[in-house]
Amino acid sequence: MASEMCSALLMAFIAICLWNEHGTLAAVYWDNHYIEVTQGDALTLTCTVTDLRFLDVVRVSRKDASGTELPIADNLKVKPMFLSNIRLKVYFSFNQNGSATSVLQYKEMLGEDAGTFHCYKLGDESNSDILNLTVFVPVDSLKFSTISMDGIESIADNEIFLSEGNLLSVACTAVVNASRTKPLLTISVDSEDISHIFTPIEQTKVIRSDAGPAYFFSEKKLRYETQKPEPRWNDAKLTCTAQQNGYQDVEESVFLRVQYRPVVTCLQADEYAKVGDGVSFSCQVASNPNGTIVWTRNSEKILENDSNTLLTKQLIKPDVSEISLNFMAIDESHFSIYTITAENDYGLYEYNIELHEFEEQLHQPEEHTASVEETDQNEQIDMKHFVQQSKTSGGKDRYSNVILSILLAFTSSLMHIVLVD
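Residues numbered from 1 in each chain as written. Predicted model: local features only at pLDDT ≥ 70, side-chain atom pairs only at ≥ 80, totals over all residues. Heavy atoms only, no water.

Some remarks on the overall build of the protein
If you tally the helices and strands in the protein, you get three helices and 27 strands. Buried positions account for 37% of the 421 residues belonging to the protein. Considering only residue pairs separated by 6 or more positions, the protein has 63% of its internal contacts joining residues 24 or more positions apart. Surface accessibility of the protein: about 25,800 Å² in total, with carbon and sulfur atoms responsible for 53%. (Helix = DSSP H or I, 4+ residues; strand = E, 2+ residues; numbered from the N terminus. Buried < 20%, exposed > 50% of the residue type's maximum accessible area, 1.4 Å probe, protein only. Contact = heavy atoms within 4.5 Å. Areas by Shrake-Rupley, 256 points an atom, 1.4 Å probe, with all protein chains shown as cover.)

Okay, here's the thing in structure tokens:
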């Protein structure tokens with residue numbers, strides 16, 4: 001009886017060996033091939049291998065950013081090989097149809113879990129299925145710095161000072177630990193797109209150490225060079241924004257302090273008034289730092305030395321002032337050229353305004369003078385009217401009327417000659 005049992009076991013073993021030697025090629029597939037998650041998510045990955053033979057080993061591994069393959073587990077070592085913490089559990093199950101299922105359950109994903117996952121039969125690595133896993137990780141740090149000839153310098157008190165003729169180089173640096181993806185970096189001035197003014201140079205570095213996982217060092221540099229920085233940028237907010245999928249944007253801001261020569265704008269270059277009128281000249285002066293502002297008339301400084309002259313200054317913004325020169329009542333001496341001069345450490349600006357005397361033009365009614373043609377036509381109408389009256393008068397006055405007509409015609413001819421001459 002025992003011999004028969006041993007024979008049966010031997011025959012079964014020989015059959016299994018022959019089946020292993022001539023078995024069909026295993027088929028491998030993941031339940032998904034592209035997965036994106038954020039750090040902290042829970043995730044389950046499932047791989048199925050069919051047509052397995054007796055004692056075949058199924059392995060699951062992951063390749064990191066450097067291409068190094070890190071085995072996770074196989075059906076002989078169900079315990080995770082490289083993730084010995086409680087975040088990951090691995091399950092293997094064998095089915096009666098000769099297939100095996102590998103299940104990876106992540107309790108909390110980290111950036112270091114990202115990579116390319118392989119599932120295959122050991123010894124047949126070329127016949128594997130691939131799953132690409134991306135883990136979006138929040139930005140770990142974001143900061144501004146300036147770049148000079150001496151290298152990268154930190155920004156003190158969140159301020160960047162820029163004066164005319166300077167070359168401004170700014171670096172916005174975002175660090176994302178243990179991530180295969182880099183954040184998108186954008187830079188703006190008071191929410192205004194400045195890509196057409198700045199020249200962006202984006203650099204991405206992958207830094208790896210033996211003690212820990214790889215992380216991305218994403219950097220965007222901007223360069224701005226001009227002979228006259230825009231005054232409206234003074235006190236503006238320069239903001240770097242890091243955008244990472246699955247997370248709120250991270251922002252870091254510094255203030256621009258633009259130092260520039262004064263700029264003067266006035267309402268008019270010419271003014272008209274009459275003696276006794278009140279006159280006011282108004283201008284805006286923008287400068288940083290603030291300097292001196294002087295009014296002159298014929299190159300002589302105007303002082304507030306009488307009750308007829310008033311100088312006013314109103315601060316609109318830290319670098320913009322409203323400047324006014326007021327005369328209560330002017331006389332002939334006030335009709336001249338006035339100059340406002342603003343000056344600081346970066347230069348000066350002059351603006352001229354000329355005060356003219358207003359002259360009224362007297363309009364007299366025009367006298368109408370009849371032309372030669374109008375006079376001649378009127379005389380002809382009078383002669384016709386006279387002849388008509390002569391025809392309708394009595395016969396006793398006919399000869400006297402004819403003589404009078406001849407005299408009138410002769411007189412008219414003389415007047416016509418005189419008018420023509």
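The rest of the description comes next.
Some remarks on a negative patch on the surface
Among the surface-exposed residues, Asp331, Glu332, Glu357 and Glu359 lie close enough to one another that they form a single negatively charged patch. Counting through the fold element by element, Glu332 comes out in the loop between β25 (320-327) and β26 (337-344). (Patch = residues over 30% accessible without salt bridge, like charges linked within 9 Å, V, L, I, M, F, W, Y side chains within 5 Å. Salt bridge = Lys/Arg side-chain N within 4 Å of Asp/Glu carboxyl O. Lys, Arg positive; Asp, Glu negative; His and termini not counted. Charge placed at Lys NZ, Arg CZ, Asp CG, Glu CD.)

Side note on the state of the cysteines
A covalent bond between the sulfur atoms of two cysteines is what we call a disulfide. One pass over the structure, following the stated rule, counts three disulfides. Residue pairing for Cys47: its cysteine sulfur links by disulfide to Cys119, the two sulfurs lying 1.9 Å apart. Across the disulfide from Cys47 to Cys119, rotation about the S-S bond amounts to roughly -95 degrees, and the bridge is consequently left-handed. Linking Cys47 in strand β3 (residues 43-50) with Cys119 in strand β8 (residues 115-121), this pair joins segments that are 72 residues apart in sequence. For the pair Cys47 and Cys119, a shared accessibility class is recorded, and that class is buried. Across a sulfur-sulfur distance of 1.7 Å, Cys172 and Cys240 are joined as a disulfide pair. Taking the sign of the S-S torsion, about -75 degrees here, the bridge from Cys172 to Cys240 comes out left-handed. Residue Cys172 is found in strand β13 (residues 167-176), and its partner Cys240 is found in strand β18 (residues 237-243); the two are separated by 68 residues along the sequence. The same class applies to Cys172 as to Cys240, namely buried. Once the bonded cysteines of the protein are numbered in order along the sequence, the disulfide links fall as 1-2, 3-4, 5-6. (Disulfide = S-S within 2.5 Å.)

Here's the deal with unusual backbone geometry
Among all residues except glycine, the phi angle is most often negative; among peptide bonds, the trans geometry is most common. The omega torsion of the bond from Asn288 to Pro289 falls at 5 degrees, within 30 degrees of zero and hence cis. Tracing the backbone through its elements, the reader meets Pro289 in the loop between β21 (279-288) and β22 (292-297). With a phi close to 50 degrees, Asp190 is a non-glycine residue in the positive phi region. With respect to the element layout, Asp190 can be found in the loop between β14 (184-189) and β15 (192-193). With a relative accessible area of 47%, Asp190 lands in the partly exposed category.

Quick look at the environment of Ala242
Here Ala242 shows up in strand β18. Overall, Ala242 belongs to the buried group, its relative accessible area being 1%. Once residues within four sequence positions are removed from consideration, Ala242 is found in contact with Val139, Leu142, Pro183, Leu184, Leu185, Asp249 and Val250.

A look at the pattern of salt bridges
One pass over the structure, following the stated rule, counts four salt bridges. Its salt-bridge partner being Asp74, residue Arg59 comes within 3.0 Å of it at the nearest N-O pair. With a gap of 15 residues between them, Arg59 in strand β4 (residues 58-63) and Asp74 in strand β5 (residues 69-74) connect regions that are remote in the sequence. Asp113 is the partner of Arg87 in a salt bridge, and the nearest nitrogen-oxygen pair spans 2.8 Å. Taken together, the positions of Arg87 in the loop between β5 and β6 (88-94) and Asp113 in the loop between β7 (100-106) and β8 put the pair 26 residues apart, joining distant regions of the chain.

Digging into the packing of aromatic side chains
For the coordinates displayed, the defined rule picks out four aromatic pairs. Grouped by ring-pair contacts, the aromatic residues Phe281, Trp295, Phe327 and Tyr338 constitute a single cluster. (Phe/Tyr/Trp six-rings, centres within 6.5 Å; stacked < 30°, edge-to-face > 60°.)

With respect to the sheet that holds strand β20 (residues 270-273)
Across the sheet, which stays open at both edges, the five strands sit in the order β20-β27-β26-β22-β23 with mixed pairing between neighbours. Each end of this open sheet is capped by a strand with a single partner; those strands are β20 and β23 (300-301). Inspection of the sheet shows β26 paired to strand β27 (residues 347-357) by eight bridges, in the antiparallel sense. For Ile337, the partnering residue across the bridge sits in β27 and is Glu354. (Pairing = 2+ DSSP bridges.)

Description of the side chain of Thr309
Mapping Thr309 onto the fold places it in strand β24 (residues 309-317). The buried category is assigned to Thr309, whose relative accessible area is 8%. Residues contacting Thr309, with those up to four places away along its chain left out, are Ile302, Leu303, Glu304, Leu325, Asn326 and Phe327.

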